[in-house]
Amino acid sequence: MDIAVIGLNHRTAGAEIRERAAFTDVKKIEIINSLLDRGLDEVVIVSTCNRSEIYIAAPEEKLEQQVEVVREQYEGLLEEAARDKYLYIKIGHDA
């Protein structure tokens with residue numbers, strides 16, 4: 001198994017962008033269930049005033065595809081240009 005994190009924080013995005021990507025407790029449950037239903041193996045969401053991150057764990061051969069599924073999850077929160085500009089993806093030891 002390998003891990004990855006997809007998210008944004010106070011270094012990559014201003015407060016306005018972070019507010020759009022913030023996860024309430026209810027939204028965390030909805031997103032986790034949605035991602036699990038889409039075939040992800042393991043999911044954890046961390047959301048504070050300074051960051052919103054989705055951590056995933058998957059076999060190495062499935063990780064890249066599952067990272068893309070998580071990136072797509074941010075589509076409902078951020079416009080595509082903002083998503084590509086502010087999101088970071090870290091895999092393995094970097095995560």
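We now turn to the structure provided with this report. (Residues numbered from 1 in each chain as written. Predicted model: local features only at pLDDT ≥ 70, side-chain atom pairs only at ≥ 80, totals over all residues. Heavy atoms only, no water.)

### With respect to the pairing of strand 3 (residues 51-58)
Of all 8 residues in strand 3, 6 are buried; the element is thus mostly enclosed. One ladder, built from 8 bridges, connects strand 1 (residues 2-9) with strand 3; its direction is antiparallel. Each residue of the ladder has a partner; that of glycine 7, found in strand 3, is glutamate 53. The sheet contact formed by strand 2 (residues 42-47) and strand 3 spans 6 bridges and is antiparallel. Looking at strand 3, one finds that valine 46 is bridged to glutamate 53. Count of turn residues in the strand 2/strand 3 antiparallel hairpin: 3 residues. (Buried < 20%, exposed > 50% of the residue type's maximum accessible area, 1.4 Å probe, protein only. Helix = DSSP H or I, 4+ residues; strand = E, 2+ residues; numbered from the N terminus. Pairing = 2+ DSSP bridges.)

### A few points about helix 2 (residues 25-37)
The end-to-end C-alpha distance of helix 2 is 18 Å, a good match for the 18 Å that 13 residues give at a rise of 1.5 Å each. Along helix 2, the positions that sit buried rather than exposed are Lys28, Ile31 and Leu35. For helix 2, the arc enclosing every buried residue in end-on projection is 70 degrees, short of the 170-degree limit, so these residues lie on one face. Opposite the buried face of helix 2, by more than 90 degrees, sit the exposed residues Val26, Ile29, Glu30 and Asp37. Each element contacted by the buried residues of helix 2 is listed here: strand 2, strand 3 and helix 3 (60-73). Glycine 39 sits one or two positions beyond helix 2 and adopts a positive phi of about 100 degrees. (Expected span 1.5 Å × (residues − 1). Arc of directions from axis to C-beta. Contact = heavy atoms within 4.5 Å.)

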